[in-house]
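Structural overview
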Amino acid sequence: MGLIFEKQWHKMVVLLISLYFSLIFTTVFLPWMWTYYIIPTTDYYLISSVVMFFGGVVFNTVLFVNFHNKIIEIENGFPIGIVHKLFGWLILAYIILFFFMVFFIDNVIPILYFIIFLTIGGYSRFWILQGYIKAKNNKYKKSENLKHKSWLERILFFNIVLSLLLGYLHRLG
């Protein structure tokens, strides 16, 4: 959403953060793919990152269509009613896409994988944009809480390690 960025390099950083989130989420789901399929890890990461990026682009496009002339409304963050409505319509569209794809393809796991990654791509793009707006509004305030690691970071790191360990043990057994 190019309307809220102050500088061009902020857009590039947001793309890098999106790639970082897609790599983290892809790593968490790697044991699930090891369980059902034998796929080269490089191909898995490439396909997953592209699908999540596409989910972010879809979310970004829908958001731009809804907010292209309402930049004043999102100066302090996205209104929660609009967000629920937006995600509700996207989830409904993804469910319709899921049933349409199930009609043509018998295997449900890759379709479910595709829909989950599309949804998480849009969801992560929303939180990145929301965080950017918050950071832009608070750029002159300094917080003492920045010295400590958040619980979310600790839980995320622990879940990635646990997920990879369980997937590797399942693959051996």
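The preceding data block contains the structure.
Residues numbered from 1 in each chain as written. Predicted model: local features only at pLDDT ≥ 70, side-chain atom pairs only at ≥ 80, totals over all residues. Heavy atoms only, no water.

**Notes on helix 3 (residues 80-104)**
Here helix 3 contains 25 residues, and its C-alpha end-to-end distance of 36 Å stays within 8% of the 36 Å for a straight helix at 1.5 Å per residue. Buried within helix 3 are the following residues: Val83, Leu86, Phe87, Leu90, Tyr94, Phe98 and Met101. (Helix = DSSP H or I, 4+ residues; strand = E, 2+ residues; numbered from the N terminus. Expected span 1.5 Å × (residues − 1). Buried < 20%, exposed > 50% of the residue type's maximum accessible area, 1.4 Å probe, protein only.)

**Considering the side chain of Ser18**
Assignment of secondary structure puts Ser18 in helix 1 (residues 8-36). With relative accessibility at 10%, the residue Ser18 sits in the buried group. Leaving out residues up to four positions away in the same chain, Ser18 has contacts with Arg125 and Ile128. (Contact = heavy atoms within 4.5 Å.)

**A closer look at the packing of aromatic side chains**
Tallying each qualifying case throughout the model produces 16 aromatic pairs. Look at Phe25 and Phe29: their rings are 4.7 Å apart centre to centre, the planes differ by 40°, and that puts the pair in the tilted class. Of this pair, Phe25 and Phe29 both sit in helix 1, four residues apart, roughly one helical turn. According to the relative accessible area criterion, Phe25 is buried, its value standing at 19%. Residue Phe29 is classed as buried on the basis of its relative accessible area of 18%. Here the aromatic rings of Phe25 and Phe117 are separated by 5.1 Å at their centres, their planes lie at 70°, and the arrangement is edge-to-face. (Phe/Tyr/Trp six-rings, centres within 6.5 Å; stacked < 30°, edge-to-face > 60°.)

Function cannot be read off these values alone, since they describe shape.
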